[in-house]
Amino acid sequence: MHQCGPCKALPPVFDLCLAAVPYQYPWSQLVVDFKFGGQAAWARSFATLMRSAPWVEPALDKADIVLPMPLSRQRLKERGFNQTLLLARALDSQKVRHDLLLRIKDTPAQSSLPRNERLLSVANAYALEPLHAPIRDKHIVLIDDVMTTGATLNAAARVLRQAGATHITAVVFARTE
């Protein structure tokens, strides 16, 4: 498995990150169109590519719960859909729980921030629904569309780890090198 310099210096909270494609052309443009161009139907095709990536199928099989990264209310209103929820449902609709991981803090778009600001921006942005949080001793697959610095996935994984998750695998459509 490949680890970048920052990950070696400060290991991520999640155990593993699996990605289908590199976040570069043409994939980067397709992701932008998917998220901001109202192309929700692309979720199925993206999920097919994600499932074909090495180790994704076993991670999904082993998972107790599949969690999409939640959007803030404002971002959801702007887009009209949560792209990670669509991806999660296309990957494994039986294990998806969209009501457990909550976005409790609206933050600026991560793509507009440098790495250090991304880390600070998403600190304390996530929480678990207190009445429906069966996370202890579970294998979790955390779904996101793109991983760049890993700040958002780490912030969410930290909440899951504190709640007792045994294993957390991040599965993303695209990842920066």
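To be clear, the structure that these remarks concern was listed above.
Residues numbered from 1 in each chain as written. Predicted model: local features only at pLDDT ≥ 70, side-chain atom pairs only at ≥ 80, totals over all residues. Heavy atoms only, no water.

(A) View of the sheet that holds strand 1 (residues 16-22). Taking strand neighbours across the sheet as the criterion, the 4 strands line up as 1-6-5-2 in an open arrangement whose pairing is parallel. Here the strands that pair on one side only, and so sit at the sheet edges, are strand 1 and strand 2 (65-68). Recorded for the sheet is a direction-independent mean angle of 20° between the axes of neighbouring strands. Direction of pairing for strand 5 (residues 139-147) relative to strand 6 (residues 167-175): parallel, over a ladder of 8 bridges. (Pairing = 2+ DSSP bridges. Helix = DSSP H or I, 4+ residues; strand = E, 2+ residues; numbered from the N terminus. Axes fitted to C-alpha atoms, helices over the stretch in contact; angles between N-to-C directions.)

(B) Highlighting unusual backbone geometry. With an omega of 5°, the peptide bond running from Tyr25 to Pro26 counts as cis. For Pro26, the position within the fold is in the loop between strand 1 and helix 2 (27-36). Its identity is not glycine, yet Trp55 carries a phi of approximately 75°, on the positive side. Examined against the element boundaries, Trp55 turns out to sit in the loop between helix 3 (42-52) and helix 4 (56-62). The phi dihedral of Asn124 is positive, around 65°, even though this residue is not glycine. Looking at where Asn124 falls in the secondary structure, it is placed in the loop between helix 7 (115-121) and strand 4 (126-128). Judged by relative accessible area, Asn124 falls into the exposed class, the value being 66%. (Buried < 20%, exposed > 50% of the residue type's maximum accessible area, 1.4 Å probe, protein only.)

(C) Structural view of the pattern of salt bridges. Under the defined criterion, the tally for this structure stands at 4 salt bridges. Here Asp15 and Arg161 are joined by a salt bridge, their closest N and O atoms 2.9 Å apart. Of this pair, Asp15 sits in the loop between helix 1 (5-9) and strand 1 while Arg161 sits in helix 8 (residues 151-162), and the two are 146 residues apart along the sequence. On the accessibility criterion, Asp15 (40% relative accessible area) is partly exposed. For Arg161, a relative accessible area of 26% gives the class partly exposed. A salt bridge links Lys35 to Asp145, with the shortest nitrogen-to-oxygen separation between them at 3.1 Å. (Salt bridge = Lys/Arg side-chain N within 4 Å of Asp/Glu carboxyl O.)

(D) Layout of helix 3. For helix 3, the full list of buried residues reads Ala43, Phe46, Ala47 and Met50. Down the axis of helix 3, the smallest arc covering the buried residues is 100°, so these residues share one side. Of the residues in helix 3, the exposed ones pointing more than 90 degrees away from the buried face are Arg44, Thr48 and Ser52. (Arc of directions from axis to C-beta.)

(E) Molecular detail of helix 2. Restricting attention to buried positions, one finds in helix 2 the residues Ser28, Val31, Phe34 and Lys35. The buried residues of helix 2 occupy one face: seen down the axis, they fall within an arc of 120°. Contacts from the buried residues of helix 2 go to helix 3, helix 5 (73-79), helix 6 (83-92), strand 5 and strand 6. Just downstream of helix 2, Gly38 is the residue with a positive phi angle, here 70°. (Contact = heavy atoms within 4.5 Å.)

(F) Just the pairing of strand 6, in detail. Counting buried positions over the 9 residues of strand 6 gives 8, a clear majority of the element. Pairing analysis gives 6 bridges linking strand 1 to strand 6, with the strands arranged parallel. Counted as the bridge partner of Val21 is Ala174 from strand 6.

(G) Structural context of the side chain of Thr84. With respect to the helices, strands and loops of the structure, Thr84 is situated in helix 6. When residues no more than four places from it in sequence are discounted, the contact partners of Thr84 are Pro68, Met69, Ile143, Asp144 and Asp145.

(H) Structural detail: the packing of aromatic side chains. Counted under the stated rule, the structure contains 5 aromatic pairs. With a centroid separation of 6.2 Å and an interplanar angle of 55°, the aromatic rings of Trp42 and Phe46 are classed as tilted. Taken as a pair, Trp42 and Phe46 lie in helix 3 at a separation of 4 residues, close to a single helical turn. A ring pair is formed by Phe46 and Phe173, whose centres lie 4.1 Å apart and whose planes are at 10°; its orientation type is stacked. Of the two residues, Phe46 sits in helix 3 while Phe173 sits in strand 6, which places them 127 residues apart along the sequence. Each of the two residues, Phe46 as well as Phe173, counts as buried. Put simply, the rings of Trp27, Phe34, Trp42, Phe46, Phe81 and Phe173 touch in pairs and so form one group of aromatic residues. (Phe/Tyr/Trp six-rings, centres within 6.5 Å; stacked < 30°, edge-to-face > 60°.)

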